[in-house]
Amino acid sequence: MHTRDLFEVPADTRRERLAPGAWLLHGFAYDQTRALLAAVKDIEQAAPFRHLVTPGGFRMSVAMSNCGRLGWVSDAGGYRYTAEDPHTGRPWPPMPPAFLQLAQAAAADGGFPAFKPDACLLNRYEPGARLTLHQDKDERDFGAPIVSVSLGLPAVFLFGGAARRDRQRRLPLQHGDVVLWGGPARLYHHGVLALKDGHHDVLGRVRLNLTFRRAG
């Protein structure tokens, strides 16, 4: 069975083109959420979620963890990828097969069939948490796309352009939605508005985001 067959898009799923190289895949991960959330629990046991501190000394409102060969971290020394969890001194948990298969299937659906992520940043949002507008540029390989999976509470994703001042689209994201961007859109600015309070049937007052990258 091909990887793509494992993640066939439901008939009611829509593919929304955001820009050249950028897509919103509505509901693409919905049928796989049980396996994804089980994997998140295993990762959290080995590498608990924590609130990182920016180089400027500000505590991030989003709690984070990682899996894969490399993990993204932030502290007074700057933003970077490391092979070991600074909190435990051990390698980050391996990327679960369900993660890898979904990321590659979504990337292929968006026109990037050769995507091989080596890092997944897990973000946990609680009401009020947000992600300010930024670019993903700590990676060595800008030829690979970013694949972002939304789980739990709905959120509003900001998707701008190459310049910070470019107009931003506000994209409502639901449980199971996937956003991916690469090629000419790889360094487009993006962020998440402050999460509104609510209740999700599975995750309660929480939103999880899985961001897959080729970092090394």
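Residues numbered from 1 in each chain as written. Predicted model: local features only at pLDDT ≥ 70, side-chain atom pairs only at ≥ 80, totals over all residues. Heavy atoms only, no water.

### Here we look at the sheet that holds strand β7 (residues 131-134)
Across a sheet, strands are paired by hydrogen bonds formed along the backbone, either parallel or antiparallel in direction. The four strands are arranged β7-β12-β9-β10 in an open sheet whose pairing can be described as antiparallel. Single-partner strands in this sheet number two, and they are β7 and β10 (169-173). Within this sheet the neighbouring strands show an average axis-to-axis angle of 20°, counted without direction. Pairing between strand β9 (residues 155-159) and strand β12 (residues 190-192): three bridges, direction antiparallel. If you follow Phe 157 over to β12, its bridge partner there is Val 192. (Pairing = 2+ DSSP bridges. Helix = DSSP H or I, 4+ residues; strand = E, 2+ residues; numbered from the N terminus. Axes fitted to C-alpha atoms, helices over the stretch in contact; angles between N-to-C directions.)

### Thoughts on the packing of aromatic side chains
Considering all chains together, one arrives at six aromatic pairs under this definition. Aromatic pair Phe 99 and Phe 212: ring centres 5.7 Å apart, planes at 85°, arrangement edge-to-face. Of the two residues, Phe 99 sits in helix α3 (residues 97-109) while Phe 212 sits in strand β13 (residues 207-213), which places them 113 residues apart along the sequence. In this pair, the class of Phe 99 matches that of Phe 212, namely buried. Centroid distance Phe 159 to Tyr 188: 5.8 Å. Interplanar angle 45°. Geometry classified as tilted. Taken together, the residues Phe 159 in strand β9 and Tyr 188 in the loop between β11 (178-181) and β12 connect sequence positions 29 residues apart. For Tyr 188, a relative accessible area of 19% gives the class buried. One cation-aromatic arrangement involves Arg 15 over Trp 23; the distance from NZ or CZ to the ring centre is 4.2 Å. Over the ring of Tyr 125 we find Arg 207; its NZ or CZ atom is 4.9 Å from the centre of that ring. (Phe/Tyr/Trp six-rings, centres within 6.5 Å; stacked < 30°, edge-to-face > 60°. Buried < 20%, exposed > 50% of the residue type's maximum accessible area, 1.4 Å probe, protein only. Lys NZ or Arg CZ within 6 Å of the ring centre and 35° of its normal.)

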